[in-house]
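# Understanding the architecture of this molecule
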Amino acid sequence: VSVSALFGGLLTKVGAYAIIRVLMVILPEGRIMLEPVIAVVAVMTMLLGPLGALAQTNLRRAVGFLVIGGIGALFAGLSLGSLHGIGGSVFYAVHSMLTLTALYLAAGLVEKMSGTQDVRMMGGIYAANSVLSIVFIILVFAVAGLPPFLGFWPKLLLVEGGIRAGDWFIVAGILLNSFLTLIAASRLWAHIFWRNGPEGGRSEQPNTMLRSLQQSREQQRQL
């Protein structure tokens with residue numbers, strides 16, 4: 001999980017930031033020429049990321065698709081090329097490094113408690129660990145960009161930059177990304193925390209497979 005958090009939450013932003021630096025500082029004319037292509041790639045990535053998370057039953061892969069959607073938001077600011085666009089992209093990169101790294105670590109705690117990565121086999125963690133469930137839903141709201149959480153402000157900058165540039169394609173992509181991300185991440189929270197037990201006929205029965213975090217640590221020490 002720590003490796004996933006490092007690569008997904010942190011190192012993916014290094015490549016995106018390097019592309020922004022190269023196209024804005026070294027090859028600004030190339031960025032202008034590629035602007036329509038960057039815009040299409042950005043919007044498609046922003047939409048396909050949360051849609052992929054919706055289709056996933058593996059928790060860590062679902063979080064990975066949310067990371068992909070965030071990369072699209074970074075390229076949306078690059079396609080605008082304005083102060084608001086680039087500022088929004090850099091601010092979003094900082095937010096994404098903090099929020100998605102924390103979401104990966106929270107997902108790791110969920111996997112330790114449930115003993116599985118399959119969302120369909122989870123459930124009942126809200127009753128077992130309410131603190132973890134609250135932290136997870138706050139991170140979900142932050143990733144989706146709901147106010148007043150951290151993810152709202154960079155997306156606000158990107159939307160403002162798109163409106164000032166008259167680029168309604170980018171604005172629509174950012175808003176749809178927020179909406180789809182909220183649906184995908186809220187679905188994860190409902191399946192993992194709100195539902196009592198695994199998917200199917202046992203969904204309303206208590207999940208007997210859950211372990212406390214202390215029990216998980218003791219089992220790891222024994223191994």
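Please refer to the structure placed before this passage.
Let me begin by describing the structure that accompanies this report. (Residues numbered from 1 in each chain as written. Predicted model: local features only at pLDDT ≥ 70, side-chain atom pairs only at ≥ 80, totals over all residues. Heavy atoms only, no water.)

## Details of the overall build of the protein
What counts, and what does not: Starting at the N terminus, helices and strands are each numbered in turn, a helix being any DSSP run of H or I of at least four residues and a strand any DSSP run of E of at least two. Throughout this description, buried means an accessible area under 20% of the type-specific maximum (1.4 Å probe, protein chains only), exposed means over 50%, and partly exposed covers the range between. Contact between two residues is taken to exist if any of their heavy atoms lie within 4.5 Å; hydrogens are not considered. All accessible areas in this document rest on Shrake-Rupley with a 1.4 Å probe, and a residue is counted as covered only by the protein chains that are shown.
The helix and strand tally for the protein stands at nine helices and zero strands. Expressed as a percentage of its 223 residues, the buried residues of the protein come to 48%. Considering only contacts in the protein between residues 6 or more positions apart, those separated by 24 or more positions represent 75%. Only carbon and sulfur atoms are counted for the fraction: they give 69% of the accessible area of the protein, which is about 10900 Å².

## Some remarks on the nonpolar core
Formally: Nonpolar cores are built from buried Ala, Val, Leu, Ile, Met, Phe, Trp, Tyr and Cys residues. Side-chain atoms within 4.5 Å join them into one set.
By size, the foremost hydrophobic cluster in this structure holds 29 residues, and its most contacted members are L59, L103, V110, F136, I192 and F193. For this core, the secondary-structure elements that each account for two or more residues are α3 (59–80), α4 (83–114), α6 (130–144) and α8 (168–194). Per element, the largest residue contribution to this core is seven residues, and it comes from α4. One finds V43, M46, L74 and I170 within the second-largest nonpolar core, a separate group that totals 23 residues.

## A closer look at the packing of α4 against helix α7 (residues 152–165)
Using the following cut-off: Lines are fitted to the C-alpha atoms to define the axes, a helix being fitted only along its stretch in contact, and any angle between axes, read from their N-to-C directions, falls within 0 to 180 degrees. Here the word oblique covers every angle except those under 35 degrees (roughly parallel), over 145 (roughly antiparallel) and from 65 to 115 (roughly perpendicular). By definition, turning the near helix anticlockwise from the far helix through less than a right angle yields a left-handed crossing, and turning it clockwise yields a right-handed one. When residues are grouped by polarity, Ala, Val, Leu, Ile, Met, Phe, Trp, Tyr, Cys and Pro land in nonpolar, Asp, Glu, Lys and Arg in charged, and all others, Gly among them, in polar.
It is the contact of α4 with α7, at a shortest axis distance of 8 Å, that shows an interaxial angle of 160°. As judged from the angle between their axes, α4 and α7 are roughly antiparallel. Taken as a pair, α4 and α7 cross one another with a handedness that is left-handed. Residue-level contacts link H84, G85, G87, G88, S89, F91, Y92 and H95 of α4 to W153, P154, K155, L157, L158, E160, G161 and R164 of α7. The residue makeup of the contact of α4 with α7, split by class, is six nonpolar, seven polar and three charged.

## Brief notes about unusual backbone geometry
For the bond running from P147 to P148, omega is 5°, close enough to zero to count as cis. Within the secondary structure, P148 is located in the loop between α6 and α7.

## Side note on a nonpolar patch on the surface
To keep things clear, this is the line we draw: Within this analysis, patches are made of residues with over 30% relative accessible area and no salt bridge. Like charges are joined at 9 Å or less; nonpolar side chains (Val, Leu, Ile, Met, Phe, Trp, Tyr) at 5 Å or less. Salt bridge, as used here, is a side-chain nitrogen of Lys or Arg placed within 4 Å of a carboxyl oxygen of Asp or Glu.
Side chains of Y17, V90, V94, L98, L150, W153 and L156 sit close together on the surface and give an oily, nonpolar patch of about 610 Å² of accessible area. Breaking the nonpolar patch down by element, the ones donating at least two residues are α4 and α7. Residue contributions to the nonpolar patch peak at three residues, all from α4. Examined against the element boundaries, Y17 turns out to sit in helix α1 (residues 2–26). The exposure class assigned to Y17 is partly exposed, which follows from its relative accessible area of 42%.

## Digging into α6
To keep it simple, the criterion reads: Helix span, expected: 1.5 Å multiplied by one less than the number of residues in the helix.
An ideal rise of 1.5 Å per residue puts 21 Å on 15 residues; α6 measures up with 21 Å between its terminal C-alpha atoms. Packed against the buried residues of α6 are α3, α4, α5 (125–128), α7 and α8. The first or second residue beyond α6 is G145, which carries a positive phi of 90°.

## Description of the packing of aromatic side chains
What describes a pair of aromatic rings is the distance from one ring centre to the other and the angle between the planes of the rings. Operational definition: Only the six-membered ring of Trp is used, alongside the rings of Phe and Tyr, when aromatic pairs are assigned; centres must lie within 6.5 Å, and planes under 30 degrees apart are stacked while those over 60 apart are edge-to-face, with the rest tilted.
In the structure shown here, the tally under the stated rule is seven aromatic pairs. Here W189 and W194 contribute two aromatic rings whose centre-to-centre distance is 5.9 Å and whose plane-to-plane angle is 25°, an arrangement assigned as stacked. Judged by its relative accessible area of 58%, W194 is exposed. An aromatic cluster is defined as three or more aromatic residues linked by ring pairs; in this entry it consists of Y126, F136, W189, F193 and W194.

## Some details on the pattern of salt bridges
In this structure the tally under the stated criterion is four salt bridges. A salt bridge links R120 to D118, with the shortest nitrogen-to-oxygen separation between them at 2.9 Å. Residue classification places R120 among the partly exposed positions, given a relative accessible area of 37%.

## What to know about the side chain of T99
Of note, T99 is situated in helix α4. Excluding anything up to four places from it in sequence, T99 contacts L139, A142, V143 and L150.

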